[in-house]
Each structure stands twice: as structure tokens, then as C-alpha cells.
Amino acid sequence: MDSFNFDDIQNDDSDDECLHLATELKDHIDELKEVPTEKKKLELIDRAKIMLDKYRGVVWGCAIADAIGLQFEGCDHKRAKMLSDSGIKFPTASEGMIRGVIKGDWTDDTDHMVLLLDSAYFDEKNIMRVDNKLFASKLVSWRYNGFPELGDSSGMGIGSLTAKLTSHHKYTSEPQIVALEVYKTLGGDPNSGKIDAPAPNGALMRIAPLALSEDYLDEVVEHCIVTHYDGRCVFSCIMQCDIIRHIIKYHDISEEHINHFYEEAIGILDLNFKNEVKEYYNLGMNATMHKTDKQGLIETNLFEALEVGQYGNRRDKNGYTLVAFAIMLWGLRAAIAQHSFSSIIKTIISAGGDADTNAAITGAVIGAYVGYNCLPKDWINGTPHKAWLDKKIDNFLNRTK
């Protein structure tokens, strides 16, 4: 029998969609050098299908969590409780608009993830990379035009940091240099670990697709600092991709794995950042989770501890990357404990604050954990641009060699 060749899989028309991911199984190269049987070939096809399902789950988990979270964005905890007490349902386009966005549509969080997908390519070794100058150009274009094919006239929900970056005349040609300059003007210093420096969640909300790259650690760092130069932003992005990478590769994860990733990733941080990161890590890993209430919400002490939607004695944490990071850890633990995607996301948005982004970041991770096929189909079908996002995902996956 001839030696195994990926072309054998890719020529199987019935499985053509899933098999663009087959070369990602390089970790099993020793197996592939063996003389394959038909059973082995089918096993490889099944693995590729699972990986594809989980990767679609990343993007769609982000999108639907983002979309349902918009109605709670910016709410204080009292307003959020009032809204959640009346029941949380996935909004539909027929209900009109909210903050300039059609109800049921996602926000800038998912838009920026799509910009990353559109800027990605696979090199000669079939390793996923991001053209960061292309991403910067697309980000500028998105700010002023949105996605015109969806009826946008401009990007909605742009943050102050992104506004500063995309207004800079050199941003498209030197994005990382400009990002560092802007970070310094806002009080940041990458060599001092100043905890008062800005560390928003804008990189964490889009970075998840990079978990597919075999060189993801370097790619994550290089892409994060295109917009967010702070070490806490880089750390939280590395952690998210560590987790998603493990889930896609091994189809499971445990708290022991998360602890291992934390111990490795925290080594990149200045001492001042380490202390603060440890605080938020412990909040996410130790917060309680109990049975769901009549609204399907999980009882937890997490959001009170984080002061989400409260603006208490801590400095304003709305949009802070470590708040989203802690919520992401708690959400993954809840999924491991077999709470449903919908219950976890509804619980997160019911706290208010930066509800859509906190939900989107967690949704990407849980989407990987449960897979696309286990996400709530009524939520997915309730989005007004499902076919468009499916095509974006397909176009990205079809770039694999």
C-alpha cells in the first residue's frame, strides 16, 4: 500500500469541507508515517471534523454571546437586574435597533474578530499567520465604513484607544510602533508595569482564532501589540489561546490544565502586574457557582467581587481586560461543570457593565469547549447576517493548504 497522503483525504468530496483542517494534525505525524488502513483514514477524518466543529464554535460562540449581551451593555447592576428579572431572550431584528445596531446583530467585538480572520494567511509550512499591517488597514477602513455589504455606514462601538490608533497617520504602516507611542501617552510604560496604565479588553475580544496557529504564542503577542501594548492584555490573550488550543487539540480541558497555562504565562509579566493578575485569576478560579434560578441564571459571587456594573472603590473596571479574563475563567469552569452555554452567557450579561464584550470573550472559549453543533441554534439563526459570517469562516478555513 502507498504511504499516507493528505491528498487522499482532500479528494474525498463528501468530506471536503472539514478536511482543510487535516494538515493541522501534524502532532500525529508518527501515526501518519505508518501504513494507513481505511479505519485510520476515517479516524483522521473524524478528528478533522471535530476540530472544524470546535473552531466554528469559537467564532459563533463569540458572535451570539456578543449579540445577546448588547442589551445589557453599560447597565449598572440595578438596571441589569431589572432587565434580567423580566427574562432574557435572544433579540430579533424585528424588534428594531439598540445603540445603532439591529437587535440580534453582533457588535464591534465580533467585527474585529472577522477583521483578524480576513487578515490571516497560511505560510509555506501551513502555519496560520496574521498580516498585522493588513489588519491595521482593515481596522481603519472598518472605523470609517464598517462592513458596507451589511448596510454599515461606519464601525459602531469604537473604543477610545482604537480611536486614537486609527486616527494616527502612521498607524497602517507602523501599527506596533504607533500602538506603543499611544500607550505611553496614556501613561503606560512596558518596562515599569504601571498598574494605572490602560489595559482594555479590545485585543482579548478578537484574538481567539489565533489558537489555530502552530506558532500561536508568537503570533498572539505580535498581534496583540498592534493595538494593546500592556502586559496584562498580552497575558490574557495568551491564556485564552492556550485554553482554546488545548480544547481544539485534545477535545477537553481541566482546571489543572488551566493552572499549568497560568504558571507558564505569568512569567512574561512585571512583578506589579503579577500581583494584580494573580488577584483576578484567583477570583475567576475560585468564584462560586450554584444551581440556576427560575430565570436560568447561575448563582455566583463573582460579579459582586469584580464590582461589575457597580463602579465601587476599585478604579473603573468597565472594559478592563482582567475583569473579562476572570469572567472567562469562571465561564469555562461552569461549562466543565456542565452548565449550559445559554445559562453561562445569560448570567454574565445579567451583571451589566461591559456585558457584550465579557460575554463574547467567554462565548469564544465555551464555543470551542462545546462545539458549534451544541450552541443554541435559535440564537445562531436569530442573527441577521448568518450566511455572511459562515462565508467569512469558510473563506478563512479554505486558505489552508
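Residues numbered from 1 in each chain as written. Predicted model: local features only at pLDDT ≥ 70, side-chain atom pairs only at ≥ 80, totals over all residues. Heavy atoms only, no water.

If you check which residues of helix α7 (residues 160-167) are buried, you get Leu161, Thr162, Ala163, Leu165 and Thr166. Taken together, the buried residues of α7 touch α5 (108-119), α6 (132-145) and α8 (175-185). (Buried < 20%, exposed > 50% of the residue type's maximum accessible area, 1.4 Å probe, protein only. Helix = DSSP H or I, 4+ residues; strand = E, 2+ residues; numbered from the N terminus. Contact = heavy atoms within 4.5 Å.)

Another aspect to go through is the side chain of His228. With respect to the secondary-structure elements, His228 resides in the loop between α9 (216-224) and α10 (231-250). Classification of His228 by relative accessible area gives buried; the value is 4%. A distance of 2.6 Å separates a polar atom in the side chain of His228 from a polar atom in the side chain of Thr227. Those residues within four positions of His228 in sequence are excluded, and the remaining contacts are Leu161, Pro200, Gly202, Ala203, Arg206, Cys233 and Val234. (Polar contact = N/O pair within 3.5 Å; in protein donor to acceptor, adjacent residues only side chain to side chain.)

Moving on, we get to the state of the cysteines. Under the definition given, this model contains zero disulfides. In this structure Cys224 is not part of a disulfide, and its nearest cysteine sulfur, from Cys237, lies 4.0 Å away. Cys224 sits in the buried class, given a relative accessible area of 0%. (Disulfide = S-S within 2.5 Å.)

Turning next to the environment of Ala305. In this structure, Ala305 sits in helix α13 (residues 302-306). The class of Ala305 is partly exposed, set by a relative accessible area of 31%. Put simply, Ala305 and Ala287 are 18 residues apart on the chain and 8.6 Å apart in space, counted from C-alpha to C-alpha.

Before going further, it helps to examine the packing of helix α3 (residues 38-69) against α10. When two helices pack together, their arrangement is given by the angle between their axes and by how far apart the axes lie. The contact between α3 and α10 brings their axes to 8 Å, and the two run at 150 degrees. On the basis of the axis angle, α3 is roughly antiparallel to α10. For the pair α3 and α10, the crossing hand works out as right-handed. Across the interface between the two elements, Met51, Lys54, Tyr55 and Val58 of α3 pack against Ile244, Ile247 and Ile248 of α10. For the contact of α3 with α10, a count of residues per class yields six nonpolar, no polar and one charged. (Axes fitted to C-alpha atoms, helices over the stretch in contact; angles between N-to-C directions. Parallel < 35°, antiparallel > 145°, perpendicular 65-115°, else oblique. Left-handed = near helix turned anticlockwise from the far one by under 90°. Nonpolar A, V, L, I, M, F, W, Y, C, P; charged D, E, K, R; others polar.)

A separate point is the packing of aromatic side chains. Per the stated rule, a full pass over the model turns up 13 aromatic pairs. Aromatic pair Tyr262 and Tyr281: ring centres 3.8 Å apart, planes at 10 degrees, arrangement stacked. Of the two residues, Tyr262 sits in helix α11 (residues 255-265) while Tyr281 sits in helix α12 (residues 271-286), which places them 19 residues apart along the sequence. When sorted by exposure, Tyr262 lands in the same class as Tyr281, which is buried. Aromatic pair Phe303 and Trp330: ring centres 5.9 Å apart, planes at 70 degrees, arrangement edge-to-face. Here the residue Phe303 occupies a position in helix α13, and Trp330 occupies one in helix α14 (residues 321-336), the gap between them amounting to 27 residues. Note on accessibility: Phe303 and Trp330 belong to one class, buried. Feature note: the residues Trp60, Trp106, Phe147 and Trp388 constitute an aromatic cluster, connected by ring pairs. The side chain of Lys377 reaches across the aromatic face of Tyr372, ending 5.0 Å from its centre. (Phe/Tyr/Trp six-rings, centres within 6.5 Å; stacked < 30°, edge-to-face > 60°. Lys NZ or Arg CZ within 6 Å of the ring centre and 35° of its normal.)

As a further point, take the pattern of salt bridges. For the coordinates displayed, the defined rule picks out 10 salt bridges. We note a salt bridge from Asp394 to Arg56, for which the minimum N-O separation is 2.4 Å. Taken as a pair, Asp394 in helix α18 (residues 386-397) and Arg56 in helix α3 lie far apart in primary sequence, 338 residues in all. Between Asp215 and Arg129 there is a salt bridge whose closest N-O contact spans 2.6 Å. With Asp215 in the loop between α8 and α9 and Arg129 in strand β4 (residues 128-130), this residue pair connects regions lying 86 residues apart in the sequence. Judged by relative accessible area, Asp215 falls into the partly exposed class, the value being 24%. The network of salt bridges with common partners includes Asp123, Arg129, Asp215 and Glu219. (Salt bridge = Lys/Arg side-chain N within 4 Å of Asp/Glu carboxyl O.)

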